[in-house]
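Residue-level listing of the chains:
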There are 2 protein chains.
Amino acid sequence: MTPEALGALVRGICAAAGVDPAQTESLADNLVWNDLAGRRNHGVERLPILIERAAKGLIACPCPAQVTRIAPAAARIDGANGFGQHLGRLGMDEAIALARGAGVGAVGVRDSNFYGTGAYFVNLAAEAGMIGLALSNAFPKVAAAGGHRPVLGTNPLAFGAPAPGGALLVDMSTAALAGSTLRAHVREGTPLPEGLAVDERGTPVTDPVAAAKATLLPAAGVKGFGLALLVEVLAGVLTGAGIGAGVGSLYRDFDRGGDSGHFFLAVDIGRWMDADAFAARMEDLRAQLEASGPDGAVRLPGAARWQTMAASRRDGLALAPATEAGLRDLATRYGVAWPG
Amino acid sequence: MTPEALGALVRGICAAAGVDPAQTESLADNLVWNDLAGRRNHGVERLPILIERAAKGLIACPCPAQVTRIAPAAARIDGANGFGQHLGRLGMDEAIALARGAGVGAVGVRDSNFYGTGAYFVNLAAEAGMIGLALSNAFPKVAAAGGHRPVLGTNPLAFGAPAPGGALLVDMSTAALAGSTLRAHVREGTPLPEGLAVDERGTPVTDPVAAAKATLLPAAGVKGFGLALLVEVLAGVLTGAGIGAGVGSLYRDFDRGGDSGHFFLAVDIGRWMDADAFAARMEDLRAQLEASGPDGAVRLPGAARWQTMAASRRDGLALAPATEAGLRDLATRYGVAWPG
């Protein structure tokens, strides 16, 4: 399937399901970008649950989000329970606009929902010639360092910067195991290594089906815990969003919105040096990295995404069977023609 | 020894060794703070090497640093090869001043030197009612994910926020093993676990003496590598400082300054909500964390520092024998009276 056809299908389903045009556009661009980049677990695979929540009135359509500039370089967004993918775009676009005027822009979003990959948002900053940071808190799934019970979310952290040949894109869960990776192990029936998940007594869990209900551990112990707190404080505490147990799950909580929070930072490189000078310095960094290991072994994070994206644009996308079944079901239910 | 007596000793030695008053003040406050907080490997233990470098003209005294505001929320500092502890303070103070006006402030420092603990600087932000981020690149000591040769520094990342009972302070090396921890193992003669350091063929090194010359691995593999790049791009590439091999070591390179770079961010909480509301939300977070593990097992990062600091202020500081010997040697050489 071509990216254009997949995008048109997503737009058709969203429109027929009552999602407003602005959020439809945000969702289609975000989900298809992730599929093109090979991050399928944040691509159109998510459309059924997103449409289900919107249809049940658990995500606001249209989204009456309020953007308030609170300082020359800062804005607050009350997300009014819209789609996270839409509010994330609104947030990063606003951070970029603020950074154009003030050199740096910081935006906090409250009352939002699961926003997909931070990589998509920091890439918006990179496309604008800026360095971007995107943080989101999430429902409790991860133990604190020293604890056994879930208290913080996988609280992903994403960072991006323009680079010759494709932006540097860092996007990581602060847990030892991302929810999306866990679901991949469940799908493929492969066991987990120890040290990623524990049961309520702190005993290691390696069966991925059991692990889906278990508590994850923070990545690298106290370091991942510290990063999860960095995310929780900036995206949750500061923005006015839910904190810890105050954040709901897309898949489990059908009596409430997510109330998750996001934090976006954009830094306008042009205030520091011209784009060519920055590019030459990124190239220096890349050359040092590539020379530090065996041929081809060290790559700038993001390189795999850009390679997959080029291949997807050239060869088209092949949907996973379960993903295709989910989309066909939606297309049938909402009377949208299947492409081709 | 009281903190006041230790501070006076540091000030006396610095002044007699030709360090200018402004940098003397920055050094004394920084080193004694770290000793009080129990972070001895970033305390007065470092004074001999710092004085040695200044005496050899490898650190500029006085430091003709240039602060340039490049946007309403951003400034660039040419550190002119001053003490990192001094330039770090200048950088965070400037970020705080910018954030007072613009809600957020970002400051990049180039041509600096090893700055000690980021925790000291983010605590300055917390004391000003702000959230702080402090990043520094460092000389190559750590492999990339997939590589065996050193290419990035331990590139520490620090984050702080005001909290009732003592600021949240997160301060971590992005390597699997911090240089300071390594030196502690060498001092105590205890072996390292596997997975922290490798030799030039990628074989694990567990002997701490051998590890001191070996290559460290990034924390949690690709995650630590991504974080080290976040630090390298913001503190090194963007600021105009050395990148990778362009950064020198305090202990090894006696033919040059460090040319390391720092990046400071301050976010003025008062633009988002009043201090009491923020404190109540931090208290909610802390209560959830503490309830998520066995009694006393989960603590807010920073709590150990504040507890040690209270004890040090009450009971005074006992210097480690090697540290005391180093200071006595300096005091004798520069004709400064030993306190007491």
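Above this note sits the structure.
Note that the structure is predicted; figures quoted are calculated from it, not measured.

Caption draft 1: The arrangement of the side chain of B:T323 in detail. Within the element layout of this structure, B:T323 appears in helix α11 (residues 321-333). Sequence-distant contacts of B:T323, defined by excluding residues within four places in its chain, comprise B:V44 and B:E45.

Caption draft 2: Up close: the relation of the copies chain B and chain A. For these two chains of identical sequence, chain B goes onto chain A by a turn of 180° and a shift of 0.0 Å along the axis, with RMSD 0.0 Å. Within this description, the copies of the chain are treated as partners about a two-fold rotation axis. Ranked by how close their C-alpha atoms come to the rotation axis, the residues of chain B are headed by B:A220, at 2.8 Å. When you check the interface residues of chain B against chain A, 100% turn up at the interface there too, and the contact is symmetric in its surfaces.

Caption draft 3: Quick look at the pattern of salt bridges. Residue and element names in this part refer to chain A. Tallying each qualifying case throughout the model produces 22 salt bridges over all chains. A salt bridge links E324 to R328, with the nearest nitrogen and oxygen atoms 2.8 Å apart. Of this pair, E324 and R328 both sit in helix α11 (residues 321-333), four residues apart, roughly one helical turn. Overall, the relative accessible area of 27% leaves E324 in the partly exposed class. Of the residues examined, R328 reaches a relative accessible area of 38% and is grouped as partly exposed.

Caption draft 4: Structural context of the interface of chain B and chain A. Listed by partner, the interface residues are 73 residues for chain B and 73 residues for chain A. Summing both partners gives a buried area of about 5700 Å² for chain B against chain A, and 74% of it is carried by carbon and sulfur. Our enumeration of links across chain B and chain A arrives at zero salt bridges. In this assembly, chain B and chain A are joined by 26 residue pairs in polar contact (both at pLDDT 80 or more). Here the residues of the side of chain B that touches chain A are counted per class, giving 51 nonpolar, 14 polar and eight charged.

Caption draft 5: Summary view of the sheet that holds strand β4 (residues 130-136) of chain B. Residues and elements named next belong to chain B. With mixed pairing, seven strands are arranged side by side in an open sheet as β1-β2-β3-β9-β4-β5-β6. The open sheet terminates on both sides in strands that have one partner only, identified here as β1 (66-71) and β6 (168-172). Each strand axis lies, on average, 10° off the axis of its neighbour in the sheet, ignoring direction. Where β4 meets strand β5 (residues 157-161), four bridges bridge the pair, whose relative direction is antiparallel. Residue pairing for β5: G132 is matched across the bridge by G160.

Reading the values: the criteria
- Residues numbered from 1 in each chain as written.
- Chains lettered and ligands numbered in written order.
- Predicted model: local features only at pLDDT ≥ 70, side-chain atom pairs only at ≥ 80, totals over all residues.
- Heavy atoms only, no water.
- Helix = DSSP H or I, 4+ residues; strand = E, 2+ residues; numbered from the N terminus.
- Contact = heavy atoms within 4.5 Å.
- Least-squares fit on C-alpha atoms with pLDDT ≥ 70 in both.
- Salt bridge = Lys/Arg side-chain N within 4 Å of Asp/Glu carboxyl O.
- Buried < 20%, exposed > 50% of the residue type's maximum accessible area, 1.4 Å probe, protein only.
- Buried area = accessible area lost by both parts, 1.4 Å probe.
- Polar contact = N/O pair within 3.5 Å; in protein donor to acceptor, adjacent residues only side chain to side chain.
- Nonpolar A, V, L, I, M, F, W, Y, C, P; charged D, E, K, R; others polar.
- Pairing = 2+ DSSP bridges.
- Axes fitted to C-alpha atoms, helices over the stretch in contact; angles between N-to-C directions.

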